[in-house]
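Structural characterization, general
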Amino acid sequence: MLARSALRTIATPSSRLFHQSAARQTKVAVLGAGGGIGQPLSLLLKNDPLVTSLSLYDIRGAPGVAADVSHVDTGSEVAGYAADQLDQALEGVKVVVIPAGVPRKPGMTRDDLFNTNASIVRDLAAAIGRVAPTAHILVISNPVNSTVPIVAATLEKAGVFDPKRLFGVTTLDVVRAARFLAGLSSVSPAESPVTVIGGHSGATIVPLLSQSEYGKKITGEAYEKLVNRIQFGGDEVVKAKDGAGSATLSMAYAGAKFTHALLRGLNGEKGVVTPTFVKSPLYADQGIDFFSSNVELGPNGVEKIHEIGPLTAEEQKLLEACLPELKKNIEKGKAFVAN
Ligand SMILES: NC(=O)C1=CN([C@@H]2O[C@H](COP(=O)(O)OP(=O)(O)OC[C@H]3O[C@@H](n4cnc5c(N)ncnc54)[C@H](O)[C@@H]3O)[C@@H](O)[C@H]2O)C=CC1
Ligand SMILES: O=C([O-])CC(=O)C(=O)O
């Protein structure tokens, strides 16, 4: 019986194949779905053929967003959940994306968001640990360098932490790097991918331009400017929005892009590699146990953490500036849960 339906799947055209893959029940939840990122992210996930069911939660407005998005004529089912329905929203989910929390205003650092967002993320992580302990968790809420360790420590406390299933979403840095480099090199961003390592804030964002075909051609002042723009791209948007928040649309795009990459890996596709902030052995000997580098995604989440490869003297200097700040951010997150 199983074999016959599998054969039918292979024989059907691609639109049916997507439909048939609905049988896998890849249910994705967005926590913070009513917000500036959450709304366009929900729309983009509704359009992802690998998402078969979408569960939208927020303390405000998620049922309305769900009703709206549910009319889009793609195959997935959509449900919205109100403030007191977090547990229902998490039932049976395989992937949880978290853009819940406050964004920056001009003059603030991401770390200034810690006081508000740390407890939001901790409480959501505790609910995931209770209701959906085997879900893959994608953290967007800032400061990512601290919120990811907060989720890890919360799950650890509950006895359900699996480092293969926790990801800080640093994809926007990768998206910006490719876009900015493409502009300088007069090529399409698809031709100018850049690996970005470290964390997700200012000096902790380390683009490895020397490992990119077009990036290695950028030198001198142009190199300094490009690195600075990648590291402080978030500030560019915060300033332009002038008090109305930070990146939402490009972040929704980046969040949907990373979610799709993870779903491809979970579905067994080989060779899906992208930077993400995970529990990592790369600098653990220096007390830095979370780090973003290229990670291969597979059926269990993190399949393989890649080495960072050869660095130029300039990149080595960037990394030296990154590590102490990243360490402080990680320790702050851990201490919040421990105390
Ligand atoms: N990782 C990254 O690259 C990026 C991260 N961000 C971060 O994403 C977060 C969200 O940004 P925006 O969507 O612009 O903010 P927003 O204020 O527009 O939306 C946040 C949403 O979270 C909801 N929320 C608050 N507490 C909640 C809780 N306990 N449970 C569920 N939902 C809750 C709010 O009701 C709101 O709808 C911020 O922390 C921001 O700094 C933003 C851009 C890029
Ligand atoms: O800059 C911010 O606060 C939001 C963010 O993380 C980004 O755009 O990279």
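Just above, that's the structure.
In what follows, the accompanying structure is described. What you see is a predicted model; the values in this text were computed from it and never measured.

**Section: unusual backbone geometry**
N142 connects to P143 through a cis peptide bond whose omega is -5°. Relative to the assigned elements, P143 resides in the loop between β5 (136-139) and α7 (144-157). With phi around 50°, D242 is a residue other than glycine that occupies positive phi space. The residue D242 is located in the loop between α10 (233-241) and α11 (249-266) in this model. For D242, a relative accessible area of 63% translates into the label exposed.

**As for the layout of surface pockets**
Reported here for the largest pocket is a volume of approximately 800 Å³. Going through the elements one at a time, α6 (114-131), α8 (171-185) and α10 are the ones with two or more residues in the lining of the largest pocket. Here the element with the most residues in the lining of the largest pocket is α6; it accounts for four residues. When its residues are assigned to classes, the lining of the largest pocket shows 20 nonpolar, 14 polar and seven charged. Residues lining the lining of the largest pocket come from more than one domain, with at least three contributed by each of domain 1 (24-168) and domain 2 (171-338). Empty space within the second largest pocket amounts to approximately 550 Å³. Forming the walls of the second largest pocket are 24 residues, and the residues nearest its centre are V174, A178, P193, K257 and T274. Those elements that provide at least two residues to the lining of the second largest pocket are α8, α11 and β9 (272-283). It is α11 that provides the largest number of residues to the lining of the second largest pocket, a total of six residues. Its residues placed into classes, the lining of the second largest pocket shows 13 nonpolar, eight polar and three charged.

**A short note on empty space enclosed by the protein**
A probe matching the size of a water molecule, rolled over the atoms, marks out where space remains unfilled. Across all of its chains, the model carries one cavity of 30 Å³ or more by this definition. Considering only enclosed or pocket space, the largest cavity measures out at about 60 Å³ in volume. I128, A132, P133, A135, I137, L155, V160, F161, D162, R165 and L166 are the residues that line the largest cavity. Looking at the lining of the largest cavity, its residues break down into nine nonpolar, no polar and two charged.

**Considerations on the pairing of β5**
Of the two faces of β5, the one carrying H136 and L138 and the one carrying I137 and V139 are both buried. Inspection of the sheet shows strand β4 (residues 95-98) paired to β5 by four bridges, in the parallel sense. Residue pairing for β5: I98 is matched across the bridge by V139. Of the crossover connections in this fold, the one passing from β4 over α6 to the parallel β5 is right-handed.

Analysis parameters
Residues numbered from 1 in each chain as written. Chains lettered and ligands numbered in written order. Predicted model: local features only at pLDDT ≥ 70, side-chain atom pairs only at ≥ 80, totals over all residues. Heavy atoms only, no water. Helix = DSSP H or I, 4+ residues; strand = E, 2+ residues; numbered from the N terminus. Buried < 20%, exposed > 50% of the residue type's maximum accessible area, 1.4 Å probe, protein only. 1 Å grid on protein atoms, 1.4 Å probe; cavity = no way out; pocket = protein on both sides within 12 Å on 5 of 7 lines; lining within 4 Å. Points joined across faces, edges and corners; volume = space filled by probe spheres on them. Nonpolar A, V, L, I, M, F, W, Y, C, P; charged D, E, K, R; others polar. Domains from an automatic or database assignment. Pairing = 2+ DSSP bridges. Right-handed = clockwise from strand over helix to strand, strands pointing away.

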